[in-house]
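Structure assessment
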Amino acid sequence: MSSNRASLGMRVTAAVCAALLVQSHLVSAPLPSPQAATTTASSAASAPKIPNDQLDSLVAPIALYPDPLLAQVLAASTYPLEVIQLQQWLTKHPDLKGEALAAAVEKENWDPAVQGLAALPDVVKRLGDDIKWTADLGNAFLAQQSDVMDAVQRMRKKASDTGNLKTTEQQKVTTQVVQTKEVIVIQQANPQVIYVPAYNPVVVYGPPIYPYPPIYYPPPGYYAAGVAIGFGVGIAMGAFWGGGWGYGPRWGYGSVNINVNNRYVNHYNRYNGGNRYGGNWNHNPQHRGGAPYADRNTANRYGGTARGDSVATRQATARQNSGASARTQPANSANRSGSAGANRAGASPATNSAGANRGAAGGGGGDRVGNRSIPSSQGSSSRSGNAFGGASSGRPSSSAARSSSQRGSSSVGASRSRSGGGGGGGGGRRR
């Protein structure tokens, strides 16, 4: 059995690394020759920006997602290997539903943005099946966060101008002015239920200037007659969003907001000394799992490898990251040491009751992807308490400002800028 798991792990590693190491189709043309592994951040040439028309096509498959889900998908896309781990984990636990599922995934050693997607298997499947597009999306978001947010708005306007984006029974679409910018906001019609839209970009937006990602789109028969956007079964929010959605776009500021009261964000912070005050989302390289960044500048920012690095450099960085993770990994879920680049700029105005998220690793054994472990099957565990939340976490803590180089830092830590809009609600079982 162990040999079978090892074989599976090698196949998964080879497939995922091949997808992530291949130069992105979005930026392959303008990218310069790879920098030497010893190039420092100060001397590396500036990475070329992805043009707007390419960003528009890149975000097209998710631009019409409700705002909180859009923000969470953007954050989760920066951890492609953990997305693959979650997808595999869900196939091993098809029996887990509602609170049992929410509590079980809470114990896995993944970023909160990834954990919180477990109630949305269709979204996880899209991200996992098309992992190269997911990695490209995450890399673009890391390098050009504000530009990606602007691209979403351009695509929403296209869909609105063609008459395909409008308020329905599943969603509420409004136009607002934020920081002098007119933006299109998409929210759930029912705060307690999420509907994930499905659509073909060519139908919804029109022909692209740059080709849309070559991924799966529902066939014409999927939609009702005369409807460009289809919706699957609504997912009632409960256990998964205790304390509200964990992420929300800060339109007008070009960033994503963290809601520290969200179940997964809150519990991660409590056991890893993370951000307790809300504010801007920031990438946590400890959850990157050895996946290469798109360019040397981004890799230097987060201490990782870049596409084009030598095999020796990638292996050395993976060993270094693995060692750092092992040194800071809590011995059990009660370990409250750790870190985070904390944001002390006041909580998001949209936060409410708190939830929980364990930062401890899941059950022993399993396969490996990159330098990260894929947990083997484990029994369905559940946690007591209200399905809509957990322990409250709103008070300041001295542990919130430790070094961001330690375990559990920047995905739930943030910059010191003022926080913007968050999200609300909670979820877990299908209706």
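Presented here is a report on the structure given in the accompanying data block.

Now for the overall build of the protein chain. The helix and strand tally for the protein chain stands at 13 helices and 12 strands. Partitioning the contacts of the protein chain with sequence separation of at least 6, the portion at a separation of at least 24 is 80%. For the protein chain, the exposed surface amounts to about 16900 Å²; the carbon and sulfur share of it is 53%.

A separate point is the environment of Gln-88. The residue Gln-88 is located in helix H4 (residues 80-92) in this model. For Gln-88 and Lys-125, which are 37 residues apart along the polypeptide, the C-alpha to C-alpha distance reads 9.7 Å.

For the rest of this paragraph, the subject is the sheet that holds strand E8 (residues 255-258). Spatially, E7-E8-E9 is the arrangement adopted by the 3 strands of the open sheet, whose pairing is antiparallel. Two strands in the sheet have a free side with no partner beyond their single neighbour: strand E7 (247-250) and strand E9 (279-280). As defined by bridge partners, E8 adjoins E9 across 2 bridges and the pair is classed as antiparallel. Considered in E9, the bridge of Ile-258 is made with Gly-279. Taken strand by strand, helix H3 (residues 67-76) contacts E7 and E8, and its axis lies near 100 degrees from that of E7.

Right, let's talk about the pattern of salt bridges for a bit. Scanning the model with the defined rule gives 9 salt bridges in all. Lys-132 is paired through a salt bridge with Asp-136; the nearest N and O atoms lie 3.5 Å apart. With Lys-132 and Asp-136 both in helix H8 (residues 131-143), this residue pair falls 4 residues apart, about one helical turn. For Asp-136, a relative accessible area of 3% corresponds to the buried category. Among the ionic contacts, a cluster of salt bridges with common partners joins Glu-99, Glu-106 and Arg-263.

One pass over the structure, following the stated rule, counts 6 aromatic pairs. On the numbers, 6.0 Å between centres and 90 degrees between planes, the contact of Trp-89 with Trp-110 is edge-to-face. Here the residue Trp-89 occupies a position in helix H4, and Trp-110 occupies one in the loop between helix H5 (98-106) and helix H6 (112-115), the gap between them amounting to 21 residues. Taken individually, Trp-89 and Trp-110 each receive the classification buried, so the pair is uniform in this respect. Judged by centre distance (6.5 Å) and plane angle (90 degrees), the rings of Tyr-195 and Phe-231 are edge-to-face. One end of the pair, Tyr-195, is in the loop between strand E3 (193-194) and strand E4 (197-199); the other, Phe-231, is in strand E5 (residues 229-231), and 36 residues separate them in sequence. The aromatic ring of Tyr-293 is capped on one face by Arg-288, whose charged end is 4.2 Å from the ring centroid.

This part is about the side chain of Gln-171. As for its position among the elements, Gln-171 is in strand E1 (residues 171-178). You can call Gln-171 buried: its relative accessible area is 3%. In this structure the side chain of Gln-171 is engaged in a polar contact, spanning 3.1 Å, whose partner is the backbone oxygen of Lys-166. The residues touching Gln-171, leaving out its near neighbours within four places in the chain, are Leu-64, Leu-165, Lys-166, Ile-186, Gln-187, Gln-188, Ala-189 and Phe-231.

Turning our attention to the packing of helix H7 (residues 121-129) against H8. Where H7 contacts H8, the axes come no closer than 5 Å and their chain directions differ by 90 degrees. Judged on the interaxial angle alone, H8 and H7 are roughly perpendicular. Contacts between H7 and H8 involve Arg-126, Leu-127, Gly-128 and Asp-129 from the former and Ile-131, Trp-133 and Thr-134 from the latter. Counted by class, the contact of H7 with H8 contains 3 nonpolar, 2 polar and 2 charged residues.

A word on the nonpolar core. Leu-69, Leu-86, Trp-89, Leu-117, Tyr-205, Tyr-247 and Trp-281 are the most contacted members of the largest nonpolar core, which has 79 residues in total. The contacts of Tyr-205, once residues within four sequence positions are left out, are Ala-60, Ala-63, Leu-64, Met-155, Lys-158, Ala-159, Thr-162, Tyr-199 and Tyr-212.

The subject of this paragraph is H4. Here H4 spans 19 Å end to end across 13 residues, near enough to the 18 Å set by a 1.5 Å rise per residue. The buried fraction of H4 is high, at 11 of 13 residues. Looking only at H4, the buried set comprises Pro-80, Leu-81, Glu-82, Val-83, Ile-84, Gln-85, Leu-86, Gln-87, Gln-88, Trp-89 and Leu-90.

It is worth spelling out H7 at this point. Those residues of H7 lying buried are Val-123, Val-124, Arg-126, Leu-127 and Gly-128. Contacts made by the buried residues of H7 are with H3, H4 and H8.

What counts as what
- Residues numbered from 1 in each chain as written.
- Predicted model: local features only at pLDDT ≥ 70, side-chain atom pairs only at ≥ 80, totals over all residues.
- Heavy atoms only, no water.
- Helix = DSSP H or I, 4+ residues; strand = E, 2+ residues; numbered from the N terminus.
- Contact = heavy atoms within 4.5 Å.
- Areas by Shrake-Rupley, 256 points an atom, 1.4 Å probe, with all protein chains shown as cover.
- Pairing = 2+ DSSP bridges.
- Axes fitted to C-alpha atoms, helices over the stretch in contact; angles between N-to-C directions.
- Salt bridge = Lys/Arg side-chain N within 4 Å of Asp/Glu carboxyl O.
- Buried < 20%, exposed > 50% of the residue type's maximum accessible area, 1.4 Å probe, protein only.
- Phe/Tyr/Trp six-rings, centres within 6.5 Å; stacked < 30°, edge-to-face > 60°.
- Lys NZ or Arg CZ within 6 Å of the ring centre and 35° of its normal.
- Polar contact = N/O pair within 3.5 Å; in protein donor to acceptor, adjacent residues only side chain to side chain.
- Parallel < 35°, antiparallel > 145°, perpendicular 65-115°, else oblique.
- Nonpolar A, V, L, I, M, F, W, Y, C, P; charged D, E, K, R; others polar.
- Core = buried A, V, L, I, M, F, W, Y, C linked by side-chain atoms within 4.5 Å.
- Expected span 1.5 Å × (residues − 1).

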